[in-house]
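What follows is each chain in one-letter form.
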Amino acid sequence: MMSALLAGRWQDALRVTNELVEFASAVDERLAFAYAPNQRLPDFLRGVAASETAAATVAALPARIELRALLIIALLDEGRAEEARDEWQRARPMGIENEPADGRWLVHMSNLARIAADLAEHDLAQRLYHRLLPLAEWNAILGTIYTAAPFGAVARPLGLLATALGLWKEAELHFQNAARLHRQWNARPWLASTLHDHSRMRLQRGRPGDREAARTMLREALALADDLEMPNLEERARALTKS
């Protein structure tokens, strides 16, 4: 399942997951219940009904605070920034900024980075930037006894954080590194997202040549999003082309 998700082979990933749940059901229904959320991963990662998927998962597993971060990101991806901010304010007293001491840590920190950058949480962005910087070459993987799912190079959230902090040189280097790693890993969905984020940074920075470079990256991001059937990303990239 991991390699299929990484490459954006959504149907292959879903097939493997369904087989796993079917096998688990034959062994123990409780085990099948634990594996069942994996069936939602392909659609969530490609951005199809992602907020509904995340909300359902949060409702089923309310103690898993890191799942609320996924819900917030899904809302941001859908352009529902105010709802995302409301969800963030509800989640903060629950300890969403705490660091889980297990296989969820790196993914949760990377997801918090996206939230801190998009919601202009400056203090949190600074803390996360220094926390994640030594791990810039890593691939964030959600690893538990029941789940193993890729969430892309840590260099990408570092690029988002650096952009939010106005560290333009660092942001440029992080996004370049993230694109290099995603090409190396054949992680096409994350390459598409990285190209989108990098182009947005260039448009915000606004130096000579940035607009032309952004348009080149957006063309590739759009081609990938279309090929991978990632509608939210395609919509956000098209909006940037009009900037």
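Residues numbered from 1 in each chain as written. Predicted model: local features only at pLDDT ≥ 70, side-chain atom pairs only at ≥ 80, totals over all residues. Heavy atoms only, no water.

Engineer: Now, about the environment of leucine 195: what can you tell me, with residues and values included?
Structural biologist: Take leucine 195: it is sitting in helix α12 (residues 188–205). Beyond its immediate sequence surroundings of up to four residues, leucine 195 is in contact with Arg183, Met217, Glu220, Ala221 and Leu224. (Helix = DSSP H or I, 4+ residues; strand = E, 2+ residues; numbered from the N terminus. Contact = heavy atoms within 4.5 Å.)

Engineer: Could you give an account of helix α11 (residues 168–184), naming the residues involved and the relevant values?
Structural biologist: Residues spaced three or four apart along an α-helix point in a common direction, a consequence of the helix completing one turn every 3.6 residues. Here α11 contains 17 residues, and its C-alpha end-to-end distance of 24 Å stays within 8% of the 24 Å for a straight helix at 1.5 Å per residue. When α11 is considered as a whole, its buried residues turn out to be Ala171, Glu172, His174, Phe175, Asn177, Ala178, Ala179, Leu181 and His182. Where α11 is buried, its residues touch α9 (122–132), β2 (148–153), α10 (155–164) and α12. Backbone geometry just after α11 places asparagine 186 at a positive phi near 55°. (Expected span 1.5 Å × (residues − 1). Buried < 20%, exposed > 50% of the residue type's maximum accessible area, 1.4 Å probe, protein only.)

Engineer: Give me the lowdown on the pattern of salt bridges, citing residues and values where you can.
Structural biologist: A side chain with one charge may pair with a side chain of the opposite charge, provided their charged atoms come close. With the rule as written, the count across this model stands at 22 salt bridges. Here glutamate 83 ties to arginine 80 by a salt bridge, and the two come within 2.8 Å at their closest N and O atoms. Glutamate 83 gets classed as partly exposed once you look at its relative accessible area, which sits at 40%. By sharing partners, the salt bridges in this structure join Asp77, Arg114, Asp118, Arg200 and Arg236 into a single network. (Salt bridge = Lys/Arg side-chain N within 4 Å of Asp/Glu carboxyl O.)

Engineer: If you had to explain α9 to someone new, which residues and values would you point to?
Structural biologist: Every buried residue of α9 is accounted for by Leu124, Ala125, Leu128, Tyr129 and Leu132. Down the axis, α9 shows its buried residues gathered within 135° of arc, on one side only. Facing away from the buried side of α9 by over 90 degrees, the exposed positions are Asp123 and His130. Buried residues in α9 make contact with α7 (81–91), α8 (105–118), α10 and α11. (Arc of directions from axis to C-beta.)

Engineer: Outline empty space enclosed by the protein, listing residues and values.
Structural biologist: This model, assessed by the stated rule, comprises two cavities of 30 Å³ or more. Roughly 440 Å³ of internal volume is contained in the largest cavity. Surrounding the largest cavity, 24 residues form its lining, Ile73, Asp77, Arg114, Arg156 and Trp190 being those nearest its centre. At the level of elements, α4 (41–46), α6 (66–77), α8, β2, α10, α12 and α14 (231–241) are the ones that each hand at least two residues to the lining of the largest cavity. (1 Å grid on protein atoms, 1.4 Å probe; cavity = no way out; pocket = protein on both sides within 12 Å on 5 of 7 lines; lining within 4 Å. Points joined across faces, edges and corners; volume = space filled by probe spheres on them.)

Engineer: I'd like a rundown of the layout of surface pockets, residues and numbers included.
Structural biologist: Roughly 330 Å³ of volume is contained in the second largest pocket. The set of elements that each furnish at least two residues to the lining of the second largest pocket consists of α8, α9, α10 and α12. The dominant element in the lining of the second largest pocket, judged by the number of residues it contributes, is α12, at five residues. Tallied by class, the residues present in the lining of the second largest pocket amount to 10 nonpolar, five polar and six charged. (Nonpolar A, V, L, I, M, F, W, Y, C, P; charged D, E, K, R; others polar.)

Engineer: Can you break down the side chain of serine 51 residue by residue, with the values?
Structural biologist: Relative to the helices and strands, serine 51 resides in helix α5 (residues 50–60). Taking relative accessible area as the criterion, serine 51 reaches 4% and is therefore assigned buried. Looking at serine 51, its side chain comes within polar contact range of the side chain of glutamate 52, at 3.1 Å. Within the local environment of serine 51, its side chain forms a polar contact with the side chain of arginine 80, the two groups lying 3.0 Å apart. Apart from the residues lying within four places of it in its own chain, the contact partners of serine 51 are Leu71, Ala74, Leu75, Glu78 and Arg80. (Polar contact = N/O pair within 3.5 Å; in protein donor to acceptor, adjacent residues only side chain to side chain.)

Engineer: Explain the packing of α11 against α12 to me, using residue names and the numbers behind them.
Structural biologist: Two numbers describe how α11 lies on α12: the axes approach to 9 Å, and their chain directions differ by 160°. The angle between α11 and α12 places the two elements in the roughly antiparallel class. Once α11 is placed against α12, the crossing between them reads as left-handed. Contacts from Trp168, Ala171, Glu172, Phe175, Gln176, Ala178, Ala179, His182 and Arg183 in α11 reach Trp190, Leu191, Thr194, Leu195, Asp197, His198, Met201, Arg202, Gln204 and Arg205 in α12. Taken together, the residues of the contact of α11 with α12 break down into nine nonpolar, five polar and five charged. (Axes fitted to C-alpha atoms, helices over the stretch in contact; angles between N-to-C directions. Parallel < 35°, antiparallel > 145°, perpendicular 65-115°, else oblique. Left-handed = near helix turned anticlockwise from the far one by under 90°.)

Engineer: A description of the packing of α12 against helix α13 (residues 210–227) should follow, citing residues and the corresponding values.
Structural biologist: Axis separation between α12 and α13 bottoms out at 8 Å; the angle between their running directions is 155°. Considered as vectors, α12 and α13 are oriented roughly antiparallel to each other. Crossing geometry of α12 relative to α13 is assigned as left-handed. Counting all contacts with α12, which are made through Arg188, Leu191, Ala192, Leu195, His196, His198, Ser199, Arg202, Leu203 and Arg205, the residues of α13 involved are Asp210, Arg211, Ala213, Ala214, Met217, Leu218, Glu220, Ala221, Leu224 and Asp227. Grouping the constituent residues of the contact of α12 with α13 by class yields 10 nonpolar, three polar and seven charged.

Nothing here speaks to function; it is all geometry.
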